Structure formats: C-alpha cells, structure tokens
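Residue-level structural notes
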Amino acid sequence: VTLQAGPGMDVDSVRSFHSDVFGEELVLMERIQNEAWNAVQQVWPQAKLESSSLRWLEAAVNHSRDENRPQVYIDLSSHKVLLARFDEGELAWSMVSSDLDGEGVLYSVVNAMHRDGLAPGADGTHVFLSGDIEEGHDVVLSFRRFFPKVEIFSGWFDGRIEPAGIKTQQWALLTQLASCA
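A short tour of the structure in this document, coming up.

With respect to the overall build of the chain
- From N to C terminus, the chain includes five helices and eight strands.
- The order of α-helices and β-strands along the chain, N terminus first, is β-β-β-α-α-β-β-β-α-β-α-β-α.
- Taking all 181 residues of the chain together, 44% fall into the buried category.
- For the chain, the share of sequence-separated contacts (at least 6 apart) that also reach a separation of at least 24 residues comes to 51%.

Focus: the environment of V81
- Among the secondary structure elements, V81 is positioned in strand β5 (residues 81–87).
- Considered as a pair, V81 and V105 are 24 residues apart in the sequence and their alpha carbons are 7.9 Å apart.

Description of the pairing of strand β4 (residues 71–76)
- The buried fraction of β4 is high, at six of six residues.
- Of the two faces of β4, both are covered, the one formed by Q71, Y73 and D75 as well as the one formed by V72, I74 and L76.
- Here β4 pairs with β5 via six bridges, running antiparallel. Within β5, the residue paired with V72 across the bridge is R85.
- With antiparallel pairing between neighbouring strands as the criterion, β4 and β5 make up a hairpin whose turn holds four residues.
- Bridge count between β4 and strand β7 (residues 126–131): six bridges; the pairing is parallel. Looking at β7, one finds that Y73 is bridged to F128.

Focus on the pattern of salt bridges
- By the definition in use, this model includes five salt bridges.
- Between R85 and D116 there is a salt bridge, with the nearest N and O atoms lying 2.5 Å from each other. Within this pair, whereas R85 is found in strand β5, its partner D116 is found in the loop between α3 (102–115) and β7, the two being separated by 31 residues in sequence.
- The exposure class assigned to R85 is buried, which follows from its relative accessible area of 3%.
- Here D116 falls in the partly exposed class, since its relative accessible area comes to 38%.

A word on unusual backbone geometry
- Here E88, not a glycine, exhibits a phi torsion of approximately 50°, which is positive.
- Here E88 is to be found in the loop between β5 and β6 (90–97).
- With a relative accessible area of 66%, E88 lands in the exposed category.

Some remarks on the packing of aromatic side chains
- In total, this model carries three aromatic pairs according to the counting rule given.
- Aromatic side chains F143 and F147 sit 5.6 Å apart centroid to centroid with 25° between the ring planes, which places their arrangement in the stacked category.
- Under the relative-accessibility criterion, F147 is labelled buried at 2%.
- Each residue in the set Y73, F86 and F128 is aromatic and connected to the rest through ring pairs, giving one cluster.

Some details on α3
- With 14 residues, α3 ought to run about 20 Å at 1.5 Å a step, and its terminal C-alpha atoms sit 20 Å apart, in line with that.
- Its buried side turned inward, α3 meets β4, β5, β6 and α4 (138–144).
- By the N-cap criterion, in which a side-chain oxygen at the helix start approaches the backbone nitrogen of a residue two or three places on, α3 is capped by D101, the distance to E103 being 3.2 Å.
- Positioned one or two residues after α3, G117 has a phi angle of 80°, which is positive.

Some remarks on the sheet that holds β7
- Pairing is mixed across the open sheet formed by five strands, whose spatial order is β6-β5-β4-β7-β8. What marks the edges here is a single partner per strand, and that holds for β6 and β8 (149–152). The sheet shows a mean angle of 15° between the axes of neighbouring strands, taken without regard to direction.
- Bridge count between β5 and β6: seven bridges; the pairing is antiparallel. When the bridges of β6 are listed, A84 appears paired with S94.
- The strands that helix α2 (residues 52–64) touches are β4, β5, β6 and β7; relative to β5, the one it contacts most, it runs at about 30°.

Calculation rules
Residues numbered from 1 in each chain as written. Predicted model: local features only at pLDDT ≥ 70, side-chain atom pairs only at ≥ 80, totals over all residues. Heavy atoms only, no water. Helix = DSSP H or I, 4+ residues; strand = E, 2+ residues; numbered from the N terminus. Buried < 20%, exposed > 50% of the residue type's maximum accessible area, 1.4 Å probe, protein only. Contact = heavy atoms within 4.5 Å. Pairing = 2+ DSSP bridges. Salt bridge = Lys/Arg side-chain N within 4 Å of Asp/Glu carboxyl O. Phe/Tyr/Trp six-rings, centres within 6.5 Å; stacked < 30°, edge-to-face > 60°. Expected span 1.5 Å × (residues − 1). Polar contact = N/O pair within 3.5 Å; in protein donor to acceptor, adjacent residues only side chain to side chain. Axes fitted to C-alpha atoms, helices over the stretch in contact; angles between N-to-C directions.

Encoded structure:
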C-alpha cells in the first residue's frame, strides 16, 4: 500500500517512509522541507528523518484496535488535515487535504464513507479529533451534526509531562515523536 501525503509534490522534496504496523508493508510518500532537513543534518549528521504523518497513522491504528466499531481520526494543523478511517483495527483509508474548513473536512470524510457504502452516523462511527482544534472549532461543530460520538482526543499523552503551553491535543503526535529523539 502506498500513500501520498501532500499536494503538489516536487520530486526533489519527496521522501518515502515504511511501516509494518498495518500487517503489510505500507509506504507513505511525503513532501519535506529540504532546507530545514539539510540544516538539521549539518548539526546532527546521524539524524534520522521520520514522518509525523506515518507516526500519527501508526498511533491511530494501535488505538483503534481497542474499539470494535468504525473510527475516523482527524488531525488538524495550520496547513493540512490528516484523515483516516479504521474498521476493527484495520486501515480502511487515509488521505491528506489542504481544505481546513469544517464543512470541507466533513465533506471529505462523508464522501469517502459513501464510497465505502457507509452512512455517516448510522453505523456508530466514533470520530477522534486531534491537533490544532478545541471545543467550538468549526470542524467539531460540523462533525457533531452527523456523528453521535465526536471526541477531541489527547489520546497518547499519558499525563506525566507538563504540556508547557502546547495544546493537549498536540501531545498525541509529539509523544510518538519523542521516541525518535
């Protein structure tokens, strides 16, 4: 399975990342900022480049195995939204969008579910939101109109570290990257 994360990908700035967490090899191709990566390598030549999108997907699939109903995970940042749906711990689909509007994110998820023959909200889908999002955000409001269970997820943060001004929802991703440091 190959996933592409990022619109308008320039070949020189694309990196491939591999994972076996999904039961078969998954390859995610993601655009990176070459200037920033080159600066890191000058200081730490042994540094390893990791995909935060892939680490987020791996953390989501591990969490999804604890529930026996369909789940949609959405991670919102300042420039993209990561979307994934899992059924019984199996990745059904994943996509990236630059449409950060609540209705646009909802439209992407609902269309993908309709393609799979699912009716949003009718199958008990649990929606987990993370990243740059809080109560009252237009994404939260849009999803709560159609899905009975929508949760702003701090998930993988175990509470032992003081967030120091970082939104609690963002710890879900940051704690997965801590093991890479």
